Amino acid sequence: MMTPIDFPIILAGPIVRRVEPTQIYIWIATSKDCKLDAELWKITKTASDEQQYDKLTTKVSVTSISFGQQLFHHLIKITPIDTQFPTDTLLGYNMLFDDGRNRHDFESLQLVTRNQPQSIVYGNLKYPAFHIQSENSRPSILYGSCRKPHGTDDDALAYADDILKHTYLNPLKRPQALFLLGDQIYADDVAHPLIPVIITFAHELMGQRELLERIEPRLLSPHFQTAHQQINARQYHMEYFCQFTSSHAQNHLIELGEYAVMYLLAWSPALWEVAQSNGLFRSFEEAEEEKLIYYIFGDSDKAKNEHKSEKRKLRHQYLDQQESLISFQQSLYQVRRLLANIPAYMIFDDHDITDDWNLSYNWRNNVKNSPLGRHVVANGLLAYWANQGWGNDPDAFSIQFLEKIQSYLKAIRTGDFNTNYEEAVEQLWNFDSWHFVAPTQPKSIFLDTRTQREYDSILKKVKFGHIIEEAHSSPELLNNAAWESVTEKLFSSGWVQHTPLIVVSATPVYGMGLIESFLHDYIYPFKVLGVEVQTTVDFEAWKYNGKGFTEFLRYAAYWKPSICVILSGDVHYASEVKADIIFTSGARLAIHQCTSSPLKNMSFSGVWGMLLKLAIGANSFERKNKKLHRICTPDFEIIRIDKDDSAPYIWEDFLTYQNLNGKSNIETDNNLGMITIINGAIENSLINKNHAN
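Since the structure is predicted, the reported quantities are computational estimates derived from the model, not experimental observations.

Draft legend 1. Highlighting the sheet that holds strand β25 (residues 681-687). Overall, mixed pairing links the 5 strands, which are arranged β12-β11-β10-β24-β25 in an open sheet. In this open sheet, the two strands that pair with only one neighbour each are β12 (344-346) and β25. Within this sheet the neighbouring strands show an average axis-to-axis angle of 20°, counted without direction. Looking at chain direction, strand β10 (residues 141-144) and strand β11 (residues 177-180) are connected through 4 bridges and run parallel. What sits directly across from isoleucine 141, in β11, is alanine 177.

And the structure:
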C-alpha cells in the first residue's frame, strides 16, 4: 500500500482574476480546508525612489468549494470600504491561511523570498502586485492559446513573465491583462509519463476513486478495471463507452479528480515537486516492470512481432514526451509568478473538455445519450468552471448554480448518482452564460463558441472528381438566442458605441484564407470517399458556415464599435488580418483580427501538416500586402471575386494579410500575442523564442 502523500498547503495559485475599481477576485487551490483572509496595499514611489506601502481598508469575503478530502478551491473577493480602488497604481496583496493548527502567509510559505525560483514577486517588491487600468489608459493585453505540457519546444506563456519582469513597476507600461483563449489543458491528449501521476494525485486529493461502474456497468469487467489505471489504455473506453472521436484518447482524462489535477499541473510547479519527491515519475522500463503499460498486442507467440512493434512505438513516444515535460515543468515557476501578478481571463475551446467537443449535432447527441460520455463532459465542465470560468465573472453564477455543483460533488464522493446528480449534469450541459465581458480598456466580450451552436439540417453538395455526394454543413458557432444574450450583456456592461471593442472568439473569424480555402477545396471533399475529415481536420472556422459568419458580421455592425478587434487562438498558427466590410444597406464595419496559437503545441507535422505547409508556401507570397475582395451570396456562400465580377451579394469585404514582426504573414512556432490600442491605432506584436525578452 502506498504511503500517504504529504501535499503543500498551496496546490496552485494565487491567480489574479477579475479586477475592477469596485472589486478584486483572486483564486487559489489548497490541500487543507483553510480559513482565508487577504490584505491589500497601494504601492507608490517615494522621493528617494523606494516603494512605499499603504495598507488599504477593505472587506474580504471567501467562497470555498470542497472538491475532495485534500482539494479545496477558493475565490477571494476584495472590495473597498469607503471609495473605489485606485487605478493606474500598483496594488500589492498578501494572503493569510489558517488551517486550524497553523497560520501562514506568503512570507512564511517562502513565496515572496526574492531571487528564489519559488518566488511570486518581481524585483524588490514585498508582495505580488497588479494594477487596475483607468478608462483613459490603454496598456497592452497579452493573449494566447493551445498549451499542451508535452508539446514541442518552449512554453511561450513564460515569455509573458519576461515582459512583466521588465515592466512590473510601471502601470502605464506593464500589460493590463492576460487572455487565455482556449485549450488551457488537453484533456484528450495526455502524455504517457504523466497519466499515472494524474491518477495517483486524483485519488489522493479526492479521497477515493470515482465509482464509474455505477454509470457504465461494463467497466465492472476486470479487464477494464485494470486498464483504467494503465498507460495507453483508454482509447476503447472513449470511443465505445463515451462516443468520443479523439484519435489521441489513449490517456484521456475521465474522473473529475483527473481534470482537476491537470489544471493544478498546468498552473503551478507544486504538484510536480511532490511527484518528484515521491518518485512518481517512472522511466519506461520501470512503468513496464510495474505493469503500468497497456499493450493491444500481448507478448504471445502469435503476436510477437506486433507486440515488439507496438512496444518500440510506445517507448519512442514515452521518451519524447519525457523531454517535453521536463521543459514544461521548468517554465512553471515563471508561469506561477505571472498568474499571481496579472488579471487573467479565460475561455474554453474543445480540448479543455475533449477533442471535437460539440463538433456536430450527431457528436453532441451520441455523447449525451452515452451515460459515461455525458458524465465525462460534465466532469470537464465542472473542472472548467472551478479553475477557469468562475473567476471570469463570478456574478454570473447564482446560488442555485453553486447548490447544483455541491450536489454533483456529493454524488462523486458517495457514488450515488441520483436525481440531484442528474439535475446538476443537465445544468452543466445546458448552461448558457459562459460568455462574459472583461472590464479591460477597451472592454472585451468573450464568446462561447462551443455550447450554444446551431446545427444546420441543410445538406451541402461535395464534389471529388466525378463523385458528388451530400454532407452536413459545419455548425453556426452561435445560435440566435446566444447572440441576443451576448448583445444584452455587452450593452449592460457600460461599453459605449463608437468606441473600440475587443471580441474574443476561440476560433478565428478571419483566419488565413489560404489555409481555410485549401482545407475547404482539397481536404473536405475526402468525405465523399469515406474519410472522416470532419474529425481529423477541424472544420470549425466561422468561414465554413456562411450564415453563421454573416450573423457575426451583422451583430458586430449592429453594435457599432469604432473598430472591432478580434482575438483568437485554436488554429496552431499566428496571423493578423485587416478586413473592411460593406453591407448592401451601406453599413460598414472595420475588423482587425489577431490570432496567436500555439503557446506550446507546435503541430504542423504529418500528412495534413505537410499539405498545409505546401499551401502556405504556394500562396503566402501572393497574398502579402495584397487586398483580397470577397462577397457573400444570398445563399451564404463566401467567394473570392475579381474586379470585373458582378453578382448579387449580402455583403462584401476587403482583406489584407499583415506581416508579423516584419516577416512572414504566418507563424507556426510557439508564440504569445501582445496587442495595444491607443486612440484607434492598433499595434499587434508576436513574441516567440526569437523575440523573447
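Draft legend 2. Region of interest: the nonpolar core. Within the largest apolar cluster, 164 residues are counted, with the highest numbers of intra-cluster contacts made by Ile24, Phe67, Phe179, Phe201, Trp267 and Leu567. Top contributing element to this core by residue count: helix α10 (residues 371-392), with 11 residues. Setting aside residues no more than four positions away along its own chain, phenylalanine 67 makes contact with His73, Met206, Leu256, Ala260, Leu382, Ala386 and Leu409.

Draft legend 3. Quick look at unusual backbone geometry. With an omega of -5°, the peptide bond running from glutamine 441 to proline 442 counts as cis. Examined against the element boundaries, proline 442 turns out to sit in the loop between β13 (436-438) and β14 (444-446). With an omega of 0°, the peptide bond running from serine 597 to proline 598 counts as cis. Looking at the secondary structure, you find proline 598 in the loop between β20 (588-595) and α17 (606-623). If you check the backbone angles, aspartate 49 has positive phi at about 65° while not being a glycine. With respect to the element layout, aspartate 49 can be found in the loop between β3 (35-45) and β4 (51-55). Not every positive phi belongs to a glycine, and asparagine 115 is a case in point at roughly 60°. Mapped onto the secondary structure, asparagine 115 falls in the loop between β8 (103-105) and β9 (129-131). On the accessibility criterion, asparagine 115 (79% relative accessible area) is exposed.

Draft legend 4. Just the sheet that holds strand β17 (residues 501-504), in detail. Read from one edge to the other, the open sheet built from 9 strands follows the order β13-β14-β17-β18-β20-β19-β23-β21-β22, with strand pairing classed as mixed. With partners counted over all chains shown, the strands left at the sheet margins are β13 and β22 (638-640), one partner each. Direction aside, neighbouring strands of the sheet carry axes that sit 25° apart on average. In this sheet, strand β23 (residues 651-657) lies alongside strand β21 (residues 627-632) in antiparallel orientation, the contact comprising 6 bridges. When the bridges of β23 are listed, histidine 629 appears paired with phenylalanine 654. Sheet strands in contact with helix α16 (residues 546-559) are β17, β18 (564-568), β19 (575-583), β20, β21, β22 and β23, and its direction is about 115° off that of β20.

Draft legend 5. Molecular detail of the environment of glutamate 551. Structurally, the position occupied by glutamate 551 is in helix α16. Glutamate 551 sits in the buried class, given a relative accessible area of 11%. Dropping the residues within four chain positions of it, glutamate 551 is found in contact with Glu476, Asn480 and Trp483.

Draft legend 6. Spotlight on the pairing of β19. When you tally the buried positions in β19, you get 7 out of 9 residues, the bulk of the element. Both β19 and β20 contribute to a ladder of 8 bridges, which runs antiparallel. Within β20, the residue paired with serine 575 across the bridge is threonine 595. From the end of β19 to the start of β20, which pair antiparallel, there are 4 residues, and glycine 586 there has a positive phi angle of about 100°. Sheet topology places β19 next to β23; 7 bridges connect them, and they run antiparallel. Considered in β23, the bridge of isoleucine 581 is made with aspartate 653.

Draft legend 7. Examining the packing of aromatic side chains more closely. Under the defined criterion, the tally for this structure stands at 44 aromatic pairs. Members of the aromatic cluster, each reached through a chain of ring pairs, are Phe348, Trp357, Tyr384, Trp385, Trp390, Phe397, Phe401, Phe431 and Trp434. Just above the ring of tyrosine 186 sits the side chain of lysine 148; from NZ or CZ to the centre is 5.8 Å.

Draft legend 8. Highlighting the environment of serine 646. Relative to the assigned elements, serine 646 resides in the loop between β22 and β23. Sequence spacing of serine 646 and isoleucine 631 is 15 residues, and the spatial spacing of their C-alpha atoms is 10.0 Å.

Draft legend 9. Quick look at the pairing of strand β1 (residues 10-20). Most of β1 sits out of view: 11 of its 11 residues are buried. Pairing of β1 with strand β2 (residues 23-30) involves 6 bridges; the strand directions are antiparallel. Across the sheet, the residue bridging to glutamate 20 is glutamine 23, located in β2. Counting the residues between successive antiparallel strands, the hairpin from β1 to β2 contains 2 residues.

Quick notes on the rules
- Residues numbered from 1 in each chain as written.
- Predicted model: local features only at pLDDT ≥ 70, side-chain atom pairs only at ≥ 80, totals over all residues.
- Heavy atoms only, no water.
- Pairing = 2+ DSSP bridges.
- Helix = DSSP H or I, 4+ residues; strand = E, 2+ residues; numbered from the N terminus.
- Axes fitted to C-alpha atoms, helices over the stretch in contact; angles between N-to-C directions.
- Core = buried A, V, L, I, M, F, W, Y, C linked by side-chain atoms within 4.5 Å.
- Buried < 20%, exposed > 50% of the residue type's maximum accessible area, 1.4 Å probe, protein only.
- Contact = heavy atoms within 4.5 Å.
- Phe/Tyr/Trp six-rings, centres within 6.5 Å; stacked < 30°, edge-to-face > 60°.
- Lys NZ or Arg CZ within 6 Å of the ring centre and 35° of its normal.

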